[in-house]
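Results of the structural survey
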Amino acid sequence: MDSKIEIYDLIPKQFYPTTKFVKEKIPFDEVETLLETSKINFPFIVKPDIGLRGSAVKKVSNLEELKAYHNKANFDYLVQDLIPYENEVGIFYVRFPYEKHGQLTGIVAKEFLIIEGDGCSTIEELLKANPRYELQLKALEKEYGSQLKTILANGEKRNLVPYGNHARGAKFLDYSHLISAELTKAIDEMCLQIPEFYFGRMDLMYNTWEELEQGKNFSIVELNGAASEPTHIYDPKHSLFFAWKELARHISYMFRISVENHKRGFPYLSHKVGMEQYRLHLEQSNKIVKF
């Protein structure tokens, strides 16, 4: 039940795209005014303020598409500038409260749901030829409709889901071997500017790896906290035992950080509050999944 806009508000603005909050069911002319004043231009991303594994995240290309999204949404949502970089990774960051600097504990790269035409097959046929992509067919039919009957030219590529979410068809690859002193320094310098941030995964887009290591030309898509997964475990080359080991390692980090923060005056979540949050989470999830 964490609000994305509240998290963005903790991050220095130079590290993420222009993002604005839209309250559920406000008059649409107020949304138009918001776009004009914020200078967010089409196309851009819309997504629930309280999300769930990429559900209801959509790229909108014009005012009609935005209005249709707004009228259907029974939740608060965000409008967000497109990030002008093509590559996406998730970087897991851990810092103990008594430490001056943090460490990187995992990197996941994301291979988008991109199809390549052969000059004779429709988009639908190309999707069915890939077992991973075929699992997304129902959702893609809902989004693209008759466009799936389009035949792409030989060699023509099309990104059908332009965001790196595992539940939306992206393939996750373990890039943890690319953790370096340079990258750790660049990410640590940014994370130290986020108040009380000690544990979590940042999904970011970047231009080149060399520039990312220099702390240049990248932007945060989202920042996740205690609910973060070390998503490099989803690389198909890894075993279930590897995943269990990595989950245990990161839960151990989170436990130790929680103990230290408790000593510093940040109380543990009570069972009552936790269960209430869980109930609200189920309600919110039901709204978004049905969107």
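Our subject is the structure listed above.
Please read these numbers as outputs of a predicted model, since none were measured by experiment.

Cut-offs and rules
Residues numbered from 1 in each chain as written. Predicted model: local features only at pLDDT ≥ 70, side-chain atom pairs only at ≥ 80, totals over all residues. Heavy atoms only, no water. Helix = DSSP H or I, 4+ residues; strand = E, 2+ residues; numbered from the N terminus. Rg over C-alpha atoms; globule rule 2.2 N^0.38 Å. Buried < 20%, exposed > 50% of the residue type's maximum accessible area, 1.4 Å probe, protein only. Contact = heavy atoms within 4.5 Å. Areas by Shrake-Rupley, 256 points an atom, 1.4 Å probe, with all protein chains shown as cover. 1 Å grid on protein atoms, 1.4 Å probe; cavity = no way out; pocket = protein on both sides within 12 Å on 5 of 7 lines; lining within 4 Å. Points joined across faces, edges and corners; volume = space filled by probe spheres on them. Nonpolar A, V, L, I, M, F, W, Y, C, P; charged D, E, K, R; others polar. Phe/Tyr/Trp six-rings, centres within 6.5 Å; stacked < 30°, edge-to-face > 60°. Arc of directions from axis to C-beta. Polar contact = N/O pair within 3.5 Å; in protein donor to acceptor, adjacent residues only side chain to side chain. Salt bridge = Lys/Arg side-chain N within 4 Å of Asp/Glu carboxyl O.

With that settled, consider the overall build of the chain. Helix and strand counts for the chain stand at 10 helices and 11 strands. The C-alpha radius of gyration computed for the chain amounts to 20 Å, which stays within 12% of the reference 19 Å derived for 291 residues, consistent with globular compactness. Considered along the principal axes of its C-alpha atoms, the chain spans approximately 60 × 45 × 35 Å. The buried share among the 291 residues of the chain stands at 45%. Across the chain, every contact between residues at least 6 apart in sequence was considered, and the portion connecting residues at least 24 apart equals 71%. Per element, the accessible surface of the chain, about 15700 Å² overall, is 54% carbon and sulfur.

Our focus in this paragraph is the layout of surface pockets. Empty space among the atoms can be located by rolling a probe the size of a water molecule over them. Taken as a whole, the second largest pocket encloses approximately 900 Å³ of empty space. Around the second largest pocket, the lining is made up of 32 residues, and of these Val57, Lys58, Ala139, Glu143 and Arg168 lie nearest the centre. Examining the composition of the lining of the second largest pocket, we find that six residues originate from one element, helix H6 (residues 137–144), more than from any other. The residue inventory of the lining of the second largest pocket, partitioned by class, reads 16 nonpolar, six polar and 10 charged.

With an omega dihedral of -5°, the bond running from Phe42 to Pro43 counts as a cis peptide bond. Looking at the element boundaries, Pro43 is found in the loop between helix H2 (28–38) and strand E2 (44–48). Despite not being glycine, Glu196 shows a phi value in the positive range, around 55°. Inspection of the secondary structure assignment puts Glu196 in the loop between helix H7 (181–191) and strand E10 (199–206). The exposure class of Glu196 is partly exposed, given its relative accessible area of 43%. Residue Asn217 is not a glycine yet carries a positive backbone phi of 50°.

The subject of this paragraph is the packing of aromatic side chains. Counting across every chain of the model gives 12 aromatic pairs. On the basis of an interplanar angle of 75° and a centroid distance of 5.2 Å, the ring pair of Tyr69 and Tyr77 is categorised as edge-to-face. Assigned by exposure class, Tyr69 and Tyr77 land together as buried. Taken together, a centroid distance of 5.5 Å and an interplanar angle of 80° make the contact between Tyr206 and Trp209 edge-to-face. Residue Tyr206 shares its accessibility class with Trp209, and that shared class is buried. By way of ring pairs, the aromatic residues Tyr69, Phe75 and Tyr77 are connected into one cluster.

Moving on to helix H3 (residues 63–72). For H3, the full list of buried residues reads Leu66, Tyr69 and His70. Each buried residue of H3 lies within a common arc of 100° when the element is viewed along its axis, so the set occupies one face. Measuring from the side-chain oxygen of the N-cap residue of H3 to the backbone nitrogen of Glu64 gives 3.2 Å; that N-cap residue is Asn62.

One pass over the full model with this rule turns up 16 salt bridges. For Lys47, the salt bridge is made with Glu222, and the minimal N-O distance between the two is 3.3 Å. Here Lys47, found in strand E2, pairs with Glu222, found in strand E11 (residues 218–224); they are 175 residues apart in sequence, far enough to count as distant. Lys47 gets classed as buried once you look at its relative accessible area, which sits at 3%. The partner of Lys149 in a salt bridge is Glu124, with the nearest N and O atoms 2.5 Å apart. Residue Lys149 is located in the loop between H6 and strand E8 (157–161), and its partner Glu124 is located in helix H4 (residues 123–128); the two are separated by 25 residues in the primary sequence.

This brings us to the environment of Leu223. Within the secondary structure, Leu223 is located in strand E11. Residue classification places Leu223 among the buried positions, given a relative accessible area of 8%. A C-alpha to C-alpha distance of 21 Å links Leu223 and Glu99, two positions 124 residues apart in sequence. Residues contacting Leu223, with those up to four places away along its chain left out, are Ile7, Ile11, Ile194, Phe197, Arg201 and Met202.

Tracing the chain through its elements places Leu192 in the loop between H7 and E10. The exposure class assigned to Leu192 is partly exposed, which follows from its relative accessible area of 36%. Linking Leu192 and Tyr69, residues 123 residues apart in sequence, is a C-alpha distance of 36 Å. Beyond its immediate stretch of four places on either side in the chain, Leu192 contacts Tyr93, Arg95, Lys100 and His101.

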